[in-house]
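Here's the letter readout for the chains.
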Protein chains: 2
Amino acid sequence: MPETKNYYVGLDVGGTSVKMGLFTEDGELLAKHSVPTPPLIDAAGYAAVTGGIEQLVGKASVAILDVKGIGAAIPCPVPADGNVKLQANIQLDVPGLSEALLARCRNATVKVENDANAAAMGELWAGSARGNRSFVFVTLGTGVGGGVVIDGSVVSGVVGAGGEIGHMSMNPDETRVCGCGGRGHLEQYASATGIVTSYKMECAARGVEPVELTGTSDSRSVFEAAKNGDEAAWAAIDTMCDYLGRALALISSVVDPEAFVLGGGTSNSSDMFMDRLVERYKSYALAVCTETPIEVASLGNDAGIFGAAYVALQAAGK
Amino acid sequence: MPETKNYYVGLDVGGTSVKMGLFTEDGELLAKHSVPTPPLIDAAGYAAVTGGIEQLVGKASVAILDVKGIGAAIPCPVPADGNVKLQANIQLDVPGLSEALLARCRNATVKVENDANAAAMGELWAGSARGNRSFVFVTLGTGVGGGVVIDGSVVSGVVGAGGEIGHMSMNPDETRVCGCGGRGHLEQYASATGIVTSYKMECAARGVEPVELTGTSDSRSVFEAAKNGDEAAWAAIDTMCDYLGRALALISSVVDPEAFVLGGGTSNSSDMFMDRLVERYKSYALAVCTETPIEVASLGNDAGIFGAAYVALQAAGK
């Protein structure tokens, strides 16, 4: 009897590139590839992706008919019913792309997932959260996103807002406006952009010049400045830790996860803020929840392709 | 072939009485009974409960061997692993009680659940949340509790703090202390006790005498005063709606449920606060979540026995 061959493809659809990974059902990454993101609304765009998948499987000498699932992590909310409403920040026709994927990979189940939720599932499958039944993934990048995993599955939410923790309403007295139109959201304090904004405000309040910054979300330079003893930079980091610590405490009182896992670019500076963050979390958390571990993600930029492949594997019923 | 007979008993263990209900597997309530709560730590205490169950099944002429599950709603956190740590507010030996129940009802599975979580499951089985896959139950009583239901199951949490929404850290600037030792928790503003406290503070700020109150959690009199045009009472209700509305918005950004369901004594006054609460919720929620319905529970004080029976039915694998 021939050996059953099951492979899974994870696509991470970003603004500039579609990253691709080919996986075994045990979560082993066999090959990676990437193509520039085309407008994913017509045959030419879909062909750029299916062509990329052909190159991907070719690298590992895997037959395309042995691909049993394709997951796509996309940068917009994905409701529980899978009915994605178009978002302004990407040109993407989900039914059209799904149809094109199915036409080229005839034995595959196709599953679409929000990118932060997919990254959470990646960490669950093969990263820092392996072995957990529940955890909350927090991605600290230009914005703040998240994925809430309960009993081994990601909570999409009825309109796809599960894990949209960047938009938790933390400070009703805030006058500045969040990118979403709200005020006082977590993202305004804990994203890279938020750290830079806090830093500039702290500098202005102290009447000192900020260090040179390469852009509005160059939090790396703020962490560098902190290393060099810049008090305004430390104040910005304290603000981030205070808001993020309280947000994690709020989340504990709702779903009480086994762990928190931090990903995204800012998590690379965790050695500089983790002790403060844990201290702030403990100060706000219910007494029984103070020991919940806060860990750093281990898959880095690959979390999306891992998770996309894993949700496809789950959807295929493996 | 004889008809299979499956009945389920729900126990709601409170400070003064153990309420009991006998149910069919379709959620029909066949009989109710109650006994004063004994110290549930020895044979005499357990016998008071098992004796009550005998009377309960007798009322409906059901044989005790046809009871296939007994659920007990208890006023303390129940971790996902079921290992309940003793709480100060009730004398209860969970393993001892479970053993005594199993000895008397030999065909039954026994399942213990936190009381607010059980009430949530009751509303899911036979109340306002029937037909929902996900919802968040909020009990507005002397304190504030809750139950988070995802994909048809209640989220207990790793240490049993799932749905402990009364202790969401809403206001880090609060100086008054919550019953749990924290500060600025939802319960301090949205519980009956919180409404009374806010009312007294509003009266003091206005230099007016509060209406006569029967106790520290007599929110009913505050609602009565509001009906009669008491501005301080309306201000207290506004405070409650503002904090509760923001808490529900925060929860939406974490698990994005299909609905919120309000229970507990204060929910009986929902005609006086629901419009304000919905308005505050919408103002804080992410745009895609503003239409999430906020409903009133329908089972009243019976939610606990319904839900306790339902979690036992689930545990029995029916």
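Residues numbered from 1 in each chain as written. Chains lettered and ligands numbered in written order. Predicted model: local features only at pLDDT ≥ 70, side-chain atom pairs only at ≥ 80, totals over all residues. Heavy atoms only, no water.

In the nomenclature of an unreviewed UniProt entry, chain A corresponds to ROK family protein from the organism Enorma phocaeensis. Comment text from UniProt for chain A, heading Sequence similarities (unreviewed entry), reads "Belongs to the ROK (NagC/XylR) family." (UniProt positions renumbered as here; feature names shortened; annotations may be inferred.)

**Notes on the interface of chain B and chain A**
The partner chain A presents 34 residues to the 34 residues of chain B that form the contact. Joining chain B to chain A, the criterion identifies 0 salt bridges. Counting residues per element, the ones that place at least two in the side of chain B that touches chain A are strand S7 (144-150) and helix H7 (231-255) of chain B. The residue makeup of the side of chain B that touches chain A, split by class, is 20 nonpolar, 10 polar and 4 charged. (Contact = heavy atoms within 4.5 Å. Salt bridge = Lys/Arg side-chain N within 4 Å of Asp/Glu carboxyl O. Helix = DSSP H or I, 4+ residues; strand = E, 2+ residues; numbered from the N terminus. Nonpolar A, V, L, I, M, F, W, Y, C, P; charged D, E, K, R; others polar.)

**Digging into the sheet that holds strand S6 (residues 135-140) of chain A**
Residue and element names in this part refer to chain A. With mixed pairing, the 5 strands of this open sheet are ordered in space as S8-S7-S6-S9-S10. Whereas interior strands pair on both sides, the edge strands pair on one side only; in this sheet they are strand S8 (153-154) and strand S10 (294-296). For strand S7 (residues 144-150) and S8, the ladder comprises 2 bridges, and the chain directions are antiparallel. Paired with Val-149 across the strands is Val-154, a residue of S8. On top of the sheet, helix H7 (residues 231-255) reaches S6, S7, strand S9 (260-263) and S10; it is set at about 155 degrees to S6, its chief contact. (Pairing = 2+ DSSP bridges. Axes fitted to C-alpha atoms, helices over the stretch in contact; angles between N-to-C directions.)

**Quick notes on the domain arrangement of chain A**
All names here are of chain A. Domain boundaries in chain A define domain 1 (7-122 + 302-315) and domain 2 (132-297). Contact residues are listed per partner, giving 12 residues for domain 1 and 18 residues for domain 2. Surface buried jointly by domain 1 and domain 2 totals about 970 Å² across both partners, of which 58% is contributed by carbon and sulfur atoms. At the surface where domain 1 touches domain 2, the tally comes to 0 salt bridges. When contributions to the side of domain 1 that touches domain 2 are tallied by element, the ones reaching two or more residues are strand S5 (109-114) and helix H3 (115-126). Element by element, the count of residues in the side of domain 1 that touches domain 2 is highest for H3, at 5 residues. Here the residues of the side of domain 1 that touches domain 2 are counted per class, giving 8 nonpolar, 3 polar and 1 charged. (Domains from an automatic or database assignment. Buried area = accessible area lost by both parts, 1.4 Å probe.)

**Digging into the environment of Val-154 of chain A**
Residues and elements named next belong to chain A. On the secondary structure map, Val-154 appears in strand S8. Here the alpha-carbon distance between Val-154 and Pro-75, two residues 79 residues apart in the chain, equals 16 Å. Discounting residues that sit within four places of it in the chain, Val-154 has contacts with Glu-113, Asn-117, Met-121, Val-148 and Val-149.

**Thoughts on the relation of the copies chain B and chain A**
After a rotation of 180 degrees and a shift along the axis of 0.0 Å, chain B superposes on chain A with an RMSD of 0.0 Å. Here the symmetry operator amounts to a two-fold rotation axis. An overlap of 100% is found between the interface residues of chain B and their copies at the interface of chain A, pointing to a shared contact surface. (Least-squares fit on C-alpha atoms with pLDDT ≥ 70 in both.)

**A short note on the pairing of strand S4 (residues 67-74) of chain A**
Residues and elements named next belong to chain A. In terms of residue burial, S4 counts as a mostly covered element, since 8 of its 8 residues are buried. Bridge count between strand S1 (residues 7-13) and S4: 6 bridges; the pairing is parallel. Bridge pairing in S4 places Leu-11 opposite Ala-72. As paired elements, S4 and S5 share 6 bridges and run parallel to each other. (Buried < 20%, exposed > 50% of the residue type's maximum accessible area, 1.4 Å probe, protein only.)

**Regarding the sheet that holds strand S2 (residues 17-24) of chain B**
Where strands meet in a sheet, backbone hydrogen bonds hold them as pairs that are either parallel or antiparallel. Residues and elements named next belong to chain B. Taking strand neighbours across the sheet as the criterion, the 5 strands line up as S3-S2-S1-S4-S5 in an open arrangement whose pairing is mixed. Of all the strands in the sheet, just strand S3 (29-36) and strand S5 (109-114) have a single pairing partner and so form its edges. Shown here is a sheet whose adjacent strand axes are inclined to one another by a mean of 20 degrees, direction ignored. In the sheet, strand S1 (residues 7-13) pairs with S2 via 7 bridges, with the strands oriented antiparallel. What sits directly across from Val-13, in S2, is Val-18. Packing of helix H2 (residues 94-104) onto the sheet brings it into contact with S1, strand S4 (67-74) and S5, and relative to S5 it is tilted by some 145 degrees.

**Structural notes on the packing of helix H6 (residues 219-227) of chain B against H7 of chain B**
All names here are of chain B. Where H6 meets H7, the closest approach of the two axes is 7 Å, and the angle between their N-to-C directions is 120 degrees. Taken as axis vectors, H6 and H7 run oblique relative to one another. In this structure, H6 meets H7 at a crossing whose hand is left-handed. Only Ala-233, Trp-234 and Ile-237 of H7 make contact with H6, whose side of the interface consists of Val-222, Phe-223, Ala-225 and Ala-226. A class-by-class count of the residues in the contact of H6 with H7 yields 7 nonpolar, no polar and no charged. (Parallel < 35°, antiparallel > 145°, perpendicular 65-115°, else oblique. Left-handed = near helix turned anticlockwise from the far one by under 90°.)

**Focus on the environment of Asn-117 of chain A**
Residues and elements named next belong to chain A. Within the secondary structure layout, Asn-117 lies in helix H3. Separated by 19 residues in sequence, Asn-117 and Val-136 have C-alpha atoms that sit 9.6 Å apart. Apart from the residues lying within four places of it in its own chain, the contact partners of Asn-117 are Gly-146, Gly-147, Val-154, Val-155, Ser-156 and Gly-162.

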